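Below, each chain spelled out in residue letters.
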Amino acid sequence: MGTTRVSDPATVGGVVISNANKVWWPDEGITKGDVARFYHGISSLILPWMRDRPLTAERCPDGMLGGCFYRKNFPEGNIPADAPRLRLRAESTGKDVNYLVGGTLDALLGLVRVGCIAMHVMNSRVGSMREADWLAFDLDPSTGDFADAVRAGRALRKVLDGHGLVSFPKTSGSRGLHVFVPLRKGHAQDEVTAFAVRVGDELARGEPELVTMEHRKSARGTRVYADPFRNSYLQTIVTPYSVRRRPGATISTPLAWDEVTPRLDPAKFRLRTFEKRLAADDPWGDFRRHRQRLPSPT
């Protein structure tokens, strides 16, 4: 392969990516530039999920070789200066946070330039920050076994079906499963979160050996945590098609429900081979056409 300097830049989509040859996944030889080129190549798929949404980025400057931290505040720096921001008051600290608003290719690639890998977005848009566009569950298996998340996801689908709601699953890109329910306009986030808690409680009562609503890890045992709080104000969840800082550079991948079986290996959806996945029909292609209203509390 020859040798290249870590400092070598590359231009991707009109954005200069510094240290493009810096290896972020040593086992696969995946570089920072490879991540930028991947996002550029799938920009038509990922950008609609980021558009007009305040985001939190998972910044991992050394890839698999170092630590990560979540960054919310983007007042200036290597992100394009004209990328939109939204200043919001953090309820926990009382301080203002300058969130970056997603949706442009320049902003997406600018995030990679400063070492961001995974992209996390809110379920609300800048014009209606207290209203949710979707309901989401994050199914986190305490055992780390994706098959447990699959079983919990299939049980959750039955509960949602019982409420007359169409749902869409995706891999988290890590060990869990995400389940989204597209919503019509007009749902307050507090309403959506409360409904998610009720559904989670219903799921846990029906599958007490499999699912828990216990927030404390020490109380979960081997059960899957059905996290309803990704729906709360200013909370985020990883976008479809986001790269994750996991072995193989896995991708958070939209699924059809008939793919969600214990045999599914989420690690097969990875940066180097994802082009094969893109050749198939998009199982979330009709997501927005299924926007729906939540049932009224009984």
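Source: prediction; values computed, not measured.

Colleague: Before we move on, could you go through the side chain of Thr-261 and cite the residues and values that matter?
Modeller: As for its placement among the helices and strands, Thr-261 is situated in the loop between strand S15 (237–238) and helix H6 (274–278). By relative accessible area, which is 14% here, Thr-261 ends up buried. Once residues within four sequence positions are removed from consideration, Thr-261 is found in contact with Val-150 and Arg-154.

Colleague: Describe the nonpolar core, naming the residues involved and giving the relevant values.
Modeller: In this structure, Tyr-39, Leu-111, Leu-135 and Val-243 are the most contacted members of the largest nonpolar core, which totals 80 residues. Here Tyr-39 is in contact with Ile-46, Leu-108, Leu-109, Val-112, Ile-117, Ala-118, Met-119, Tyr-241, Ser-242 and Val-243, once residues within four sequence places are set aside. Membership of the second largest hydrophobic core comes to 10 residues, among which are Ala-90, Tyr-99, Met-129 and Tyr-233.

Colleague: Residues and numbers for the packing of aromatic side chains, please.
Modeller: One pass over the full model with this rule turns up 12 aromatic pairs. Note on Phe-168 and Trp-284: the rings are 5.8 Å apart at their centroids and 70 degrees apart in plane angle, and the pair reads as edge-to-face. In this pair, Phe-168 is assigned in strand S11 (residues 168–171) and Trp-284 in the segment after H6, connecting sequence segments 116 residues apart. There is no split in this pair, since Phe-168 and Trp-284 are both buried. Where Trp-284 meets Phe-287, the ring centres are 5.2 Å apart and the plane angle is 15 degrees; that geometry is what we call stacked. The exposure class of Trp-284 is buried, given its relative accessible area of 3%. A relative accessible area of 4% means that Phe-287 is categorised as buried. Each member of the aromatic cluster is reached from another via a ring pair, and the members are Trp-49, Trp-134, Phe-168, Phe-180, Trp-284 and Phe-287. Over the face of the ring belonging to Tyr-233 we find Arg-130, whose NZ or CZ atom lies 3.5 Å from the ring centre. When the ring centre of Tyr-225 is taken as origin, the NZ or CZ atom of Arg-220, which lies over that ring, is 4.0 Å away.

Colleague: Could you give an account of the confidence of the model for the protein, with specific residues and numbers?
Modeller: In this model, the protein carries an average pLDDT of 93, and 95% of its residues clear a pLDDT of 70 or more. Here residues 1–6 scores under 50 on pLDDT; set against residues more than four positions off or in separate chains, the count is 6 contacts.

Colleague: Outline the state of the cysteines, supporting the account with residue identities and numerical values.
Modeller: Here the structure, examined in full by the defined rule, presents 1 disulfide. Among the cysteines around Cys-116, which has no disulfide bond, Cys-60 carries the closest sulfur, lying 7.9 Å off.

Colleague: Account for the side chain of Thr-250, with residues named and values stated.
Modeller: Among the structural elements, Thr-250 can be located in the loop between S15 and H6. In this structure the side chain of Thr-250 is engaged in a polar contact, spanning 2.5 Å, whose partner is the backbone oxygen of Gly-173. Setting aside residues up to four positions removed in sequence, Thr-250 forms contacts with Gly-173, Ser-242, Val-243, Arg-244, Pro-266, Ala-267, Phe-269 and Arg-270.

Colleague: Outline the pairing of strand S7 (residues 85–89), supporting the account with residue identities and numerical values.
Modeller: What you see with S7 is a clean split: Leu-86 and Leu-88 sit on the buried side and Arg-85, Arg-87 and Arg-89 on the side with no burial. By the bridge criterion, 5 bridges tie S7 to strand S8 (residues 96–101) in an arrangement that is antiparallel. Across the sheet, residue Leu-86 finds its bridge partner in S8, namely Tyr-99.

About the thresholds
Residues numbered from 1 in each chain as written. Predicted model: local features only at pLDDT ≥ 70, side-chain atom pairs only at ≥ 80, totals over all residues. Heavy atoms only, no water. Helix = DSSP H or I, 4+ residues; strand = E, 2+ residues; numbered from the N terminus. Buried < 20%, exposed > 50% of the residue type's maximum accessible area, 1.4 Å probe, protein only. Contact = heavy atoms within 4.5 Å. Core = buried A, V, L, I, M, F, W, Y, C linked by side-chain atoms within 4.5 Å. Phe/Tyr/Trp six-rings, centres within 6.5 Å; stacked < 30°, edge-to-face > 60°. Lys NZ or Arg CZ within 6 Å of the ring centre and 35° of its normal. pLDDT = per-residue confidence, 0-100. Disulfide = S-S within 2.5 Å. Polar contact = N/O pair within 3.5 Å; in protein donor to acceptor, adjacent residues only side chain to side chain. Pairing = 2+ DSSP bridges.

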